[in-house]
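Chains, contacts and geometry: an overview
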Amino acid sequence: MKARKSMIIIFLNCLARIGFAQDVQYSQFYASTMYLNPAFTGSSELTRVGINLRNQWPGLDQTFLSYSAYIEHFVPQKNSGFGLLINGSNGTLSSLNNIEVGMLYSYRLRIADNRYFHFGAQGSLVSRSSNFDKVILSTQLDIDRGVILDGGGNPVFDESKRNFMDFNTGILYYDTRKWLGASAHHLTQPQISYLDNASNKLAIKYSLHGGIRFNFKSGFINDYFNNTRQERSVSFAFNYKNQGDFNQLDIGTELYFEPIVLGMWYRGLPTKYALPNNEALIGLVGFSLADGLDMGYSYDFTVSKLGWRNAGGAHEVSMRYSVNRDVSKNRSRSVMPGFKY
């Protein structure tokens, strides 16, 4: 019994490192900026609602699905942004599930003409669960015959669900062309082990992100009544993340030729673990419509040892609606540069 319990603890530690050492990530992380950094809350100075959906490695028997939904609102009189964020994920291996509901707040500080700092914080209630009846222990493997034996059982798991509070914070600077932000997630390092006598704290995730935008000469579109200005720009950005023993760097560019958005990202940073999701080329196409609707689709082309043919890459879709975008254009507001997706 002691040997079996030791093997289970080892398995759970490995499972936690693979499944939880890194948070859910989106290729279109600028389509859900509050998840990237709480300081982005209300930075558009609009009321926005949106969703993100991601299907990772559909070519494998065990896939990973994640989703995000949010709403944010800015109150100019208070220089404050408020947001509600819901994140979820499901891994078919042992039915690993995660759901997070968070409340966000940010404060905008004007330091000069068209130069701002945002300070943000987030408090969340998180629930993690798994079905360990599907776990196959090493004692069930008959290597000689190549079969899985019955009777693994589940005699030692203290519980299959964990609930805890989580806290994140961040800071953001921007002007008319540049932005730079930093965030820290899981400040209290909550306990995520499913065994009461085992310790497995969720490591703090640090992120440093920023970029620059170059505007081209505006074009014009004839809408039968008058000529409407057409925005044209190109942006370059990066996002570096570190969590425990894991790190990752994303670098990319985005061309906005209103209403079309085209983007390209490279995700990769060599580590001693050679993680299969650590290297990918990401292509993106999107539309930013005048009525406030933004839609984006991206595909991750896996270039790591996992292989594109084996894993099937990753599909991701985002939708966002900005309420009263046209009305907001008529009032004085800061327009933050940045990626749309």
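An account of the accompanying structure is given in this report. None of the values given here were measured: they were computed from a predicted structure.

Thresholds applied
Position labels on residues start from 1 in each chain and follow its written sequence. Only residues with pLDDT of at least 70 are given local features in this predicted model, and only at 80 or more are side-chain atom pairs given and counted; all residues enter the totals for whole chains, interfaces and linings. Where side-chain values are given, they derive from all heavy atoms of the structure, hydrogens and water being excluded. By the criteria applied, helices consist of DSSP H or I runs no shorter than four residues and strands consist of E runs no shorter than two, each listed in order from the N terminus. Summary of the burial criterion: residues with accessible area below 20% of their type's maximum are buried, those above 50% are exposed, and those between are partly exposed, where the area comes from a 1.4 Å probe applied to protein chains only. Contact definition: two residues touch when any of their heavy atoms are within 4.5 Å. A pocket here means an open set of points on a 1 Å grid, computed over the protein atoms alone, that has protein on both sides within 12 Å along at least five of seven lines. A cavity is instead a set of points where a 1.4 Å probe fits but cannot get out; residues with an atom within 4 Å of a point line either one. Grid points are joined across faces, edges and corners, and a volume is the space filled by probe spheres set on the points. In this classification, Asp, Glu, Lys and Arg are treated as charged, Ala, Val, Leu, Ile, Met, Phe, Trp, Tyr, Cys and Pro as nonpolar, and every other residue, Gly included, as polar. The nonpolar core is taken to be a set of buried Ala, Val, Leu, Ile, Met, Phe, Trp, Tyr and Cys residues, with the residues joined through side-chain atoms within 4.5 Å. Each reported salt bridge corresponds to a side-chain nitrogen of Lys or Arg within 4 Å of a carboxyl oxygen of Asp or Glu.

1. Focus on the environment of phenylalanine 287
Tracing the chain through its elements places phenylalanine 287 in strand β16 (residues 279-288). Judged by its relative accessible area of 38%, phenylalanine 287 is partly exposed. A sequence separation of 28 residues divides phenylalanine 287 from proline 259, and the C-alpha atoms of the two residues are 5.4 Å apart. Ignoring any residue separated from it by four or fewer positions in sequence, one finds phenylalanine 287 in contact with Pro259, Ile260, Leu293, Asp294, Met295 and Tyr341.

2. So, empty space enclosed by the protein
Following the criterion strictly, the structure yields 3 cavities of 30 Å³ or more and no others. Around the largest cavity, the lining residues are Val24, Gln25, Tyr26, Phe29, Ser32, Tyr35, Leu36, Lys205, Asn239 and Lys241. Elements represented by at least two residues in the lining of the largest cavity include exactly α2 (33-36) and β13 (232-243). In terms of residue class, the lining of the largest cavity is made up of 5 nonpolar, 3 polar and 2 charged.

3. Some details on the nonpolar core
Counting residues in each nonpolar core, the largest one holds 14 residues, and the members touching the most others are Tyr30, Phe40, Trp179 and Trp265. Ranked by size, the runner-up nonpolar core spans 7 residues in total, among them Val24, Tyr35, Tyr70 and Leu85.

4. Here's the deal with unusual backbone geometry
That bond from glutamate 258 to proline 259 is cis: its omega, 10 degrees, falls within 30 degrees of zero. Phi angles above zero are rare outside glycine, and glutamate 45 is one such case at about 60 degrees. Structurally, glutamate 45 can be placed in the loop between α2 and β1 (47-56). The phi angle at asparagine 79 is positive, at roughly 50 degrees, despite the residue not being glycine. Considering the arrangement of structural elements, one finds asparagine 79 in the loop between β2 (64-75) and β3 (80-91). Since its relative accessible area comes to 23%, asparagine 79 is described here as partly exposed.

5. Considering the pattern of salt bridges
One pass over the structure, following the stated rule, counts 9 salt bridges. A salt bridge links lysine 178 to aspartate 175; the shortest N-O distance between them is 2.9 Å. Accessibility expressed as a relative area gives 39% for lysine 178, which makes it partly exposed. Under the relative-accessibility criterion, aspartate 175 is labelled buried at 8%.

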